[in-house]
Amino acid sequence: MSPILYTYRRCPYAMRARMALKYAGIQVEYREIALRNKPKSMLLASPKGTVPVLCIDELVLDQSLDIMRWALEQCDPDDWSNVDEVESRIWIEKNDGPFKALLDQYKYLNRFPDLRREDVVSAAIELMLQPMETRLNSSHYLLGNRMSWVDIAIFPFIRQFAAVNQIWFDELALASLQSWLNHHLESELFHSVMDKYSTWSD
């Protein structure tokens, strides 16, 4: 049996897991979930109830970074994992921690009545977008001139941030970041994991 991946098409965590699995050439059975009606089989495998969840025989991986690491351990044809671990951790912790919090505030500002959009956006630019721009001014990717797993892990979150107000994002003075984002958006890898599937039910 192929490994089973419980996923949600637009979730950035699930997206980066799907991209790593696809890159590694690992065939999985996609089970697209409905967030309001999660399948019992997924909740039995991972009671925390969030995607992605990868089930490989008796092994269950329910953190997207763990799924990425597992996939690259199976096959890493372009050496994505051969990068500085300390620098990788710095980028990922910044993305998955404070930047994700700012992204949620930006997307769902009505849930945060005490916040001003301008302040949230300015904080996101200072924390993440401008440092990425600075790095990408001197290299094609975040950790050098070749793709790494860190680019793939962060890309879905930048995609989501840009999509909140694409016109405004495109007008920012962040040409290198915008080019990096468009490169990923136009990539065969990204398009290969964005097919629509019917919602899975047990």
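First, a word on what this report is: a plain description of the structure on this page. Counting starts from 1 at the beginning of each chain's written sequence and moves along it residue by residue. The predicted nature of this model means local features are confined to residues of pLDDT at least 70 and side-chain atom pairs, given and counted, to a pLDDT of 80 or more, with totals for whole chains, interfaces and linings taken over all residues. Neither water nor hydrogens contribute to the side-chain values; these are computed over all heavy atoms in the structure.

As for the sheet that holds strand S2 (residues 29-32)
Quick note on the threshold: Each pair of strands is called paired provided DSSP finds at least two bridges between the two strands. Secondary structure is summarised from DSSP: a helix means a run of H or I of at least four residues, a strand means a run of E of at least two, and numbering begins at the N terminus for each. Axis definition: a line fitted to C-alpha atoms, limited for helices to the stretch in contact. Angles are taken between N-to-C directions and run from 0 to 180 degrees. The contact criterion used is simple: two residues touch if any of their non-hydrogen atoms lie within 4.5 Å.
The sheet built from 4 strands is open, its strands ordered S2-S1-S3-S4 with mixed pairing. With partners counted over all chains shown, the strands left at the sheet margins are S2 and strand S4 (59-61), one partner each. The sheet shows a mean angle of 15° between the axes of neighbouring strands, direction not considered. The strands touched by helix H1 (residues 12-23) are strand S1 (4-7), S2 and strand S3 (53-56); relative to S1, the strand with the most contacts, the crossing angle is about 150°.

Comments concerning a positive patch on the surface
We count it as follows: Like-charged residues are merged into a patch within 9 Å and nonpolar side chains (Val, Leu, Ile, Met, Phe, Trp, Tyr) within 5 Å, provided each residue has over 30% relative accessible area and no salt bridge. The method behind every accessible area is Shrake-Rupley, applied with a 1.4 Å probe, and residues are considered shielded solely by the protein chains displayed. When a carboxyl oxygen of Asp or Glu is within 4 Å of a side-chain nitrogen of Lys or Arg, the pair counts as a salt bridge. His is not counted here, nor are the chain ends, while Lys and Arg score as positive and Asp and Glu score as negative. Charged side chains are reduced to one point each, which is NZ for Lys, CZ for Arg, CG for Asp and CD for Glu. Three exposure classes are used, based on accessible area relative to the maximum for each residue type with a 1.4 Å probe and protein chains only: buried under 20%, partly exposed in between, and exposed over 50%.
A surface patch of positive charge is lined by Arg10, Lys107, Arg111 and Lys196. Tracing the sequence through the fold places arginine 10 in the loop between S1 and H1. Judged by its relative accessible area of 52%, arginine 10 is exposed.

Observations concerning the environment of leucine 177
Topologically, leucine 177 is positioned in helix H8 (residues 175-185). Judged by relative accessible area, leucine 177 falls into the buried class, the value being 0%. As a C-alpha pair, leucine 177 and glutamine 130 span 47 residues in sequence and 8.5 Å in three-dimensional space. Those residues in contact with leucine 177 that lie beyond four places of it in its chain are Leu129, Met132, Glu133, Leu136, Ile158 and Phe169.

A look at H1
In an α-helix there are 3.6 residues to a turn, and that puts residues three or four apart on one side. Heads up, the condition is: Every helix has an expected span of 1.5 Å times one less than the residues it contains.
Along its 12 residues, H1 runs 16 Å from first to last C-alpha, staying within 8% of the 16 Å computed at 1.5 Å per residue. Most of H1 is tucked away, with 10 of its 12 residues classed as buried. Residues of H1 that are buried include every one of Pro12, Ala14, Met15, Arg16, Ala17, Arg18, Met19, Ala20, Leu21 and Tyr23, and no others. Directly beyond the C-terminal end of H1, a positive phi value near 75° is found at glycine 25.

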